[in-house]
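# A closer look at the structure
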Amino acid sequence: MSLFDQELKARLNAIREQGLHRELRRVDSAQGPRIRIDGRELLNFSSNDYLGLANHPALKEAAIKATKDFGAGAGASRLICGSLAPFHELEEMLATFKGTEAALTFSTGYATAVGTITALLGKDDIIIVDKLVHACIVDAAKLSGAKLRVFAHNDPDDLEDKLRWADAQSRHPSPVTHHILVVTESIFSMDGDAAPLKEIIALKEKYGAWLMVDEAHATGLYGQNRRGLAEELGVSNRIEIQMGTLGKALGASGGYICGSRVLIDLLINRARSFIFSTAPVPAAAGAAAAAIELVQSAEGQRRCEALGRRVQQCRTGVAPVSNISRPAQAEPDIRDRRDACPTPIIPIIIGAESTAVSAATKLREQGIFVPAIRYPTVARGSARLRVTLTASHSTDDVAALAGALSEIRNRKS
Ligand SMILES: *Cc1c(COP(=O)(O)O)cnc(C)c1O
């Protein structure tokens, strides 16, 4: 073994010793409530395909049509070889869907956050993020060179402390203007809880800061038109930068920013992950456009309601039998709304990394696939089983999950 490989092997061993080693599991089927792994069919509770659209015929047909009409590849960056019509159609649809002047799509949500935050902020600026924001926002903040401050999860009082500090910085006599950007998710990816958006908005307005909200886990699920939690709470037009992804409830792939025309024009000129990257495949734009149409249709409504029923079943069936308590949920005041679709993310917090991994292994032995989520995705010592439900799960599927989880608990005690 070369010295290079010996060094890397030592690093991998250190990762293993901490119970943090990860490996890819090959899946020989499409995403759905059942997936094939190692020749076995497993019940799948791991996907963010909340509405069951990733393998939906309408999305697949739209992807095939976009491929037939516009090819398998995009050729270059959209600023270099021209910008294919499917992306423009998708962006017009997104702007209409979200009720904003304009929209811009990126190849992934990760690229969206990195491109947008680095386009807006530089070393003279300040970025204040919730403690639990997604890694792409943390990476973007670091790359931007802005001063990074973290506020306690969903804690407006702590946010105000940080804003007060930032405000004092920007009052120092200085030739440059300091801008302050606050970033939060709306529904958090690993806990499924909701940000207190109204309080956050009141604070950012009080201190003259900008706000970016990542609706990756709310787009397609919340609000009258399924635009996200900001729509549900009636605050969309008070958020400067509305981010979302196309690869979760929308079942396709990519990320987007919705906002004013000048915001989008600035991103086209300054977002490096947009400028210096080949455009996504036309198929991705075709599928995402079909998904946006679908979530607003009667079928979208039915799927959301079906998901809501599975979530209720899981909350009453699974949560009480789990051996570990769930984190306190800061639910938005929407649970009683008939059209509300509660979060399909149900974390079962376990704590120790190795215990979470062995719980996931036991579930797999019973034919159920639930991922053990560990550091660095979540904090050390807060490893968990992250159950996600989709509209395609049946009541029997959820009952099977509840049974398997109680079996694990009983064996343990
Ligand atoms: C998944 C996710 C992203 C990244 O989106 P990708 O399209 O998967 O790159 C960004 N933010 C949040 C909150 C996410 O959960």
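See the structure shown above.
None of the values given here were measured: they were computed from a predicted structure. (Residues numbered from 1 in each chain as written. Predicted model: local features only at pLDDT ≥ 70, side-chain atom pairs only at ≥ 80, totals over all residues. Heavy atoms only, no water.)

### Digging into the overall build of the chain
Keep this limit in mind: By the criteria applied, helices consist of DSSP H or I runs no shorter than four residues and strands consist of E runs no shorter than two, each listed in order from the N terminus. Radius of gyration means the value over C-alpha atoms here, while the globule rule gives 2.2 Å times the residue count to the 0.38 power. Working definition: with a 1.4 Å probe on protein chains only, accessible area under 20% of the residue-type maximum means buried, over 50% means exposed, and in between means partly exposed. Contacts were defined at the residue level, with two residues in contact if any of their heavy atoms lie within 4.5 Å. Accessibility throughout is a Shrake-Rupley quantity obtained with a 1.4 Å probe, and a residue counts as covered only by protein chains that appear here.
When its secondary structure is counted, the chain shows 14 helices and 13 strands. Here the C-alpha atoms of the chain give a radius of gyration of 22 Å, agreeing with the 22 Å that 2.2 N^0.38 yields for 413 residues. Over its C-alpha atoms, taken along the principal directions, the chain stretches across nearly 65 × 60 × 50 Å. Taken across its 413 residues, the chain has 53% of its residues classed as buried. In the chain, the proportion of contacts linking residues at least 24 apart, taken out of those at least 6 apart, comes to 72%. For the chain, the exposed area adds up to about 18500 Å²; of that, 52% sits on carbon and sulfur atoms.

### Some thoughts on the pattern of salt bridges
So the rule is basically this: A side-chain nitrogen of Lys or Arg and a carboxyl oxygen of Asp or Glu constitute a salt bridge if their distance falls within 4 Å.
Counted according to the given criterion, the structure contains 15 salt bridges. For the salt bridge of D265 with R261, the shortest nitrogen-to-oxygen distance reads 2.9 Å. Remark: R261 and D265 occur in helix α9 (residues 261-270); sequence separation between them is four residues, near one turn of the helix. With a relative accessible area of 39%, R261 lands in the partly exposed category. Through salt bridges that share partners, E160, D161, R164 and K206 make up one connected network.

### Some points on the side chain of T245
Here T245 lies in strand β8 (residues 241-245). Discounting chain neighbours no more than four positions away, the residues touching T245 are G109, A216, L250, G254, G255 and Y256.

### Quick word on the pairing of strand β9 (residues 255-259)
Counted only if it meets this: Two strands are counted as paired when DSSP detects at least two bridges linking them.
The element β9 is largely enclosed, with a buried count of five among its five residues. Where burial is concerned, the two faces of β9 agree: the one with G255, I257 and G259 and the one with Y256 and C258 are both buried. Two strands pair when backbone bridges link them, and strand β3 (residues 102-106) and β9 are joined in this way by five bridges, in the antiparallel orientation. Among the inter-strand pairings, A102 is bridged to a residue of β9, identified as G259. Where β8 and β9 come together, four bridges link them in antiparallel fashion. Bridge assignment links T245 to a residue of β9, and that residue is G255.

### Observations regarding the site of the ligand
Using the following cut-off: One heavy atom suffices: a residue is near a molecule or strand as soon as one of its heavy atoms comes within 4 Å of it. Nitrogen and oxygen atoms within 3.5 Å of one another constitute a polar contact, given that in protein one can donate a hydrogen and the other can accept it, and given that sequence-neighbouring residues count only through two side-chain atoms. Just so you know the grouping, Ala, Val, Leu, Ile, Met, Phe, Trp, Tyr, Cys and Pro go in nonpolar, Asp, Glu, Lys and Arg go in charged, and all remaining residues, Gly too, go in polar.
In the region of the ligand, 14 residues are neighbours, and G109, Y110, D214, H217 and K248 sit closest. Take K248: an N or O atom from its side chain is 2.7 Å from an oxygen atom of the ligand. In the complex, 82% of the free accessible area of the ligand, which totals 380 Å², lies under the protein chains. Secondary structure elements with two or more residues in the shell around the ligand: α4 (109-120) and β8. Split by residue class, the shell around the ligand holds four nonpolar, seven polar and three charged.

### Let's talk about the sheet that holds strand β12 (residues 372-373)
Our working definition: Inter-axis angles, ranging from 0 to 180 degrees, are taken between N-to-C directions of lines fitted to C-alpha atoms, where helices are fitted over the stretch in contact.
Strands sit in the order β10-β13-β12 across an open sheet of three strands; the sheet is antiparallel. The open sheet terminates on both sides in strands that have one partner only, identified here as β10 (345-351) and β12. In terms of strand pairing, β10 meets strand β13 (residues 383-388) through six bridges, oriented antiparallel. The residue bridging G351 from the neighbouring strand is A383, located in β13. On the sheet, helix α13 (residues 353-365) packs against β10, β12 and β13 and is oriented at approximately 35° with respect to β13.

### Looking at helix α7 (residues 197-206)
What counts, and what does not: When we speak of the arc, we mean the arc of directions from the helix axis to the C-beta atoms.
Taken residue by residue, α7 has L197, I200, I201, L203 and K204 as its buried positions. End-on view of α7: buried residues confined to an arc of 165°, all on one side of the axis. Here the buried face of α7 lies against β5 (147-151), α6 (156-171), β6 (180-185), β7 (210-214) and α8 (229-232). Directly beyond the C-terminal end of α7, a positive phi value near 65° is found at G208.

### A word on the packing of aromatic side chains
Where we set the bar: Only centres within 6.5 Å qualify two rings of Phe, Tyr or Trp (six-membered ring in Trp) as a pair; their planes then separate them into stacked at under 30 degrees, edge-to-face at over 60, and tilted for everything else. Geometrically, a lysine NZ or arginine CZ counts as sitting over a ring once it is within 6 Å of the ring centre and also within 35 degrees of the ring normal.
This structure, assessed with the given rule, holds one aromatic pair. Note that R149 overlies the ring of W165, its terminal NZ or CZ placed 4.0 Å from the centroid. We note R380 situated over the ring of Y375; from NZ or CZ to the ring centre the distance is 4.0 Å.

### Overview of the nonpolar core
A general trend in soluble globular proteins is that nonpolar side chains are found buried together. Test applied: The set of buried Ala, Val, Leu, Ile, Met, Phe, Trp, Tyr and Cys residues whose side-chain atoms join them within 4.5 Å is what this entry labels a nonpolar core.
Formed by 86 residues in total, the largest nonpolar core has its most connected members in L94, I128, L163, V182, L385, L389 and L401. Aside from chain neighbours lying at most four places away, what touches I128 is R149, F151, L159, K162, L163, A166, I180, L181, V182 and V183. In terms of nonpolar packing, the next biggest core, distinct from the first, is built from 30 residues, A102, V129, L267 and A271 among them.

### Section: the sheet that holds β9
Overall, mixed pairing links the seven strands, which are arranged β3-β9-β8-β7-β6-β4-β5 in an open sheet. Each edge of the open sheet carries a strand with a single partner, namely β3 and β5. Mean inter-strand twist for the sheet, computed between neighbouring axes without regard to direction, equals 20°. With five bridges joining them, strand β4 (residues 126-130) and β5 adopt parallel strand pairing. Note that in β5 the partner of I128 across the bridge is R149. Along the sheet, helix α3 (residues 85-98) makes contact with β3, β8 and β9, crossing β3 at roughly 130°. Against the sheet, α9 engages β3, β8 and β9, with an angle of about 140° to β9.

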